[in-house]
Every structure is written in C-alpha cells, then in structure tokens.
Amino acid sequence: LRQVLERDRTCAELAARCISLSRNLVSDAITFLLLAATHLTQTDNLPSLEVVVLWQSLPASGNPLPSRADPQLQKSMQDAWSTLIGSLITSLLGLRWTFHLFAGAGTDQELKALANDGSGTPGTGGTGTSGAKDTLGQIQRVREEFTAGHFKVSGLAGPFREPQQQETRENLLVAVECLYDLLYLLGEVLLHFHRISDSLGDYGMIRVSL
C-alpha cells in the first residue's frame, strides 16, 4: 500500500490546482485593495496589475527582485507607493510568502545572488519573520492615521475620507489583515504540503497530515 501511495500523485495534482486558483485569488484581492477605495490613477500607466508587474514597479527598498525592476514603472508608481494604502500593498508584495507563491523559474539563482551581495531576501531584512512583523506594524500605523483623521497622504478617494466612512476604512484594513493571513497559509503552508506530496506522493501527504 505504501508503494502504491508513493507513486500516486492525486494529492500533488489537487495541491497544484489549489495553488493556481490561489494565485488568481490573491492577485485579484491585491488589485481590489489597490483600486477600490483609492485615487491612485498612477496604476493606469502599468501594463497590468498582476503581482509580477507590480513587483517591477516597487521602490528599490521594497523590491523582492531588484534585478527585474523597471525604472520607468518605478517612476510612474513612486507617488502611489508613498501613500498609506500604497505602503500596505508594498508590505504585502514584499512578504516572503508572496514571493514563494508567485516567483517563477530562475528565482533561486537570484535569491542566492541577493544573499551573497548582502541585499537580503524577500521579507524585510532578509528574514520572513521580520517582514511579517513589519507588515503587521504598518497595518496598525495606518489604522492609527485613519482614526486620527490624517488623510492627506492616505491614498483614499474623497468619499472614503468622510467621518461616516470610518467603518468602511476599518473593513479595508481588516481585508488587508485577512490577505496577510491568507498569504501565509498559501505561500508557506500549502506550498510546503505540495512539495511533500510532489516528492513522496500521497503517502507523504498522509504522513504529514497525521
């Protein structure tokens, strides 16, 4: 039975399908957060709002793959990323989990190069834990700015700055927190299970889940 389960790849196929759907979900959620309640028209200059394109437009300090940065896109999005909403999206895009979920072929070599030249790896300071804490801290800072009524550099569109929209603003931050949790589950946990099932078959997935 063990030999049969080791050859069976049903779990790996299901996990791969989940990962594919998860990428679409996360990408759409980031697009929604970036556009729904904001006035960030700079996004009109981007060829796409897919995660890999947004990475190219991130400022150098928060770019997980500096070698793929596009100076023209960075210049177009500079003002957008400097807003409070923009800073939240930048934090999410810079997480190690996001990198694991969306990075394509050839990134292992780039990560090694970053580590060798001291640039670090995705997740502020080269550690996923540090990047995660920074993201949570940034969410709290934005929440405090919204509570204090500081909207000048918020990135929010006019109607969402009104006092009666406090609940809407809080819901926006809760959505960011939910996406943060989702990125951990998908980019860390699910990918780990997929690697195990891909190498050890259904037997590996069953053993890990026990």
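Heads up: the structure comes first, above all this text.
Now for a description of the structure that goes with this document.

Rules and cut-offs
- Residues numbered from 1 in each chain as written.
- Predicted model: local features only at pLDDT ≥ 70, side-chain atom pairs only at ≥ 80, totals over all residues.
- Heavy atoms only, no water.
- Helix = DSSP H or I, 4+ residues; strand = E, 2+ residues; numbered from the N terminus.
- Buried < 20%, exposed > 50% of the residue type's maximum accessible area, 1.4 Å probe, protein only.
- Contact = heavy atoms within 4.5 Å.
- Areas by Shrake-Rupley, 256 points an atom, 1.4 Å probe, with all protein chains shown as cover.
- 1 Å grid on protein atoms, 1.4 Å probe; cavity = no way out; pocket = protein on both sides within 12 Å on 5 of 7 lines; lining within 4 Å.
- Points joined across faces, edges and corners; volume = space filled by probe spheres on them.
- Expected span 1.5 Å × (residues − 1).

## Let's talk about the overall build of the protein chain
Along the backbone of the protein chain there are nine helices and zero strands. Ordering the α and β elements of the protein chain from the N terminus gives α-α-α-α-α-α-α-α-α. Among the 210 residues that make up the protein chain, the fraction classed as buried is 42%. Taking the contacts inside the protein chain whose residues are at least 6 apart along the sequence as the reference set, 71% of them involve residues at least 24 apart. Counting only carbon and sulfur atoms, one obtains 55% of the accessible surface of the protein chain, whose full area is about 11300 Å².

## Describing empty space enclosed by the protein
A complete count under the given rule lists one cavity of 30 Å³ or more for this structure. The volume enclosed by the largest cavity comes to roughly 30 Å³. Along its surface, the largest cavity is lined by Leu33, Ile85, Leu88, Ile89, Leu172 and Val176. Of all the secondary-structure elements, those providing two or more residues to the lining of the largest cavity are helix H5 (84-93) and helix H9 (166-209).

## Re helix H2 (residues 10-35)
With 26 residues, H2 ought to run about 38 Å at 1.5 Å a step, and its terminal C-alpha atoms sit 38 Å apart, in line with that. Taken together, the buried positions of H2 are Ala12, Ala15, Ile19, Ser22, Val26, Ser27, Ile30, Thr31, Leu33 and Leu34.

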